[in-house]
Amino acid sequence: MPPANATHLAVLVISIALAVLVYLPIQRNLGDLLSRVVAVPAGVVFYRRCFLLLLIFGVLGQAVAAGPDVKPGLHFMEYVWGVASGLGDSLQYIFLTLAIYLVLVTILVAALKPKDDK
Amino acid sequence: MTNEQYLIVSYFCVAPVSVGIGFVAYLWLRGPLRGIAATLPWKGFRELLVRLFPAGILLPALLGFLSVSYKGCNIREYDKIIARREYLVSKNQEQISASLVHVVWAVFAWCALIAIFLAAKRRFDLRDKSHPAASE
């Protein structure tokens, strides 16, 4: 495989792995919070699925468009910098998604006002 | 394969891929959305929501694909567009990326819309409990 393609593929795979790594630790707490706030089981599933979809589609969108600008015959570290640059864009997107989703959940909590706060 | 042939083939291959991206998102969210719609108290509105959902996800995916133009700032003539294969590949990548990003924004919009519906439903339920006769 040409090094440019390998670099692009590495960015894609690591970006998706990062998105899943962000999702996994918070999925249970998010589910608990949503089940208290939304109180509609389908709503909990909807918001959890939306969150995963937003993360995966978003990082894919970033990684596909902004492929690392590397050419054959470069030094090893130049490929590493290419991957790092691509991952930087993906992480930026993940952070943005987290921020917007957090705002959305906050609005949801404020609007629906869960009763049992104990 | 010449660059012109590549342009034609890739354009008509990436278009279904873009719609497919929207279709995957639609299939992933269809079940829970129907579940939410089933809990809403307004019957006509429930059906409207379920029928609007595919259009609300598939059209943004298609829009993302269509929003990418092959004509750039310095490249406006057809001959220049098909001169470099790398340029055509980068445009295909841009089309797929735009579809993904448009679907992401559509999903954000649906999340907000569902939040509004759930809040309205909560108010409706509370009013229903305090004044049972009002809803009849």
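Higher on the page you've got the structure.
Here the structure is a predicted model, which is why all the values come from computation and not from measurement.

1. As for helix H2 (residues 43–66) of chain B
All names here are of chain B. Compared with an ideal rise of 1.5 Å per residue, which puts 24 residues at 34 Å, H2 spans 35 Å between its outermost C-alpha atoms and is within 8% of the ideal. When the local axis directions of H2 are compared, the greatest deviation, roughly 30°, occurs at Leu-52, which is followed within four positions by the proline Pro-54. Within H2, the full set of buried residues consists of Leu-49, Ile-57, Leu-58, Pro-60, Ala-61, Gly-64 and Phe-65. Against the buried residues of H2 lie helix H1 (3–39) and helix H4 (85–130).

2. Brief notes about the interface of chain B and chain A
Across the boundary between the two partners, chain B contributes 25 residues, which contact 25 residues of chain A. Residue assignment for the side of chain B that touches chain A shows that the elements contributing at least two residues are H1 and H4 of chain B. At 17 residues, the largest contribution of residues to the side of chain B that touches chain A is made by H4 of chain B. Of the residues that constitute the side of chain B that touches chain A, the class distribution is 19 nonpolar, four polar and two charged.

3. Observations regarding unusual backbone geometry
Glycine aside, a negative phi is what most residues show, and trans is what most peptide bonds show. Positive phi values are uncommon outside glycine, yet Ala-39 of chain A reaches one of about 60°. A count of 17 C-beta atoms within 10 Å places Ala-39 of chain A in the partly exposed class.

4. Side note on the nonpolar core
The biggest cluster of nonpolar side chains holds 46 residues, and the ones touching the most others in it are Phe-46, Tyr-47 and Cys-50 of chain A together with Leu-100, Val-103 and Val-107 of chain B. Where this core is concerned, the elements lending two or more residues are helix H1 (3–37), helix H2 (41–65) and helix H3 (76–112) of chain A together with H1, H2 and H4 of chain B. Apart from residues no more than four positions distant in its own chain, Cys-50 of chain A is found in contact with Leu-29, Val-107 and Cys-111 of chain B.

Basis of the calculations
- For every chain, the first residue of its written sequence is number 1, and the numbers climb from 1 along that sequence.
- Written order determines the labels here, with chains lettered from A and ligands numbered from 1.
- Whole-chain, interface and lining totals are the exception, using all residues; otherwise, since this is a predicted model, local features are given only for residues with pLDDT of at least 70 and side-chain atom pairs are given and counted only at 80 or more.
- Secondary structure elements follow DSSP: runs of H or I of four or more residues count as helices, runs of E of two or more count as strands, with numbering from the N terminus.
- An expected span of 1.5 Å times one less than the residue number is assigned to each helix.
- Bend, in this description, refers to the angle at a residue between axes fitted to the seven residues ending there and the seven starting there.
- Any residue with 12 or fewer other C-beta atoms within 10 Å of its own C-beta is exposed, any with 20 or more is buried, and the rest are partly exposed; the C-beta atoms used are placed from the backbone.
- What counts as a contact here is a pair of residues whose C-beta atoms, placed from the backbone, lie within 7 Å.
- Here the term charged refers only to Asp, Glu, Lys and Arg, the term nonpolar to Ala, Val, Leu, Ile, Met, Phe, Trp, Tyr, Cys and Pro, and the term polar to all other amino acids, Gly among them.
- Think of a nonpolar core as buried Ala, Val, Leu, Ile, Met, Phe, Trp, Tyr and Cys residues chained together by C-beta atoms that fall within 7 Å.

Everything listed is a geometric property; what it means functionally is a separate question.
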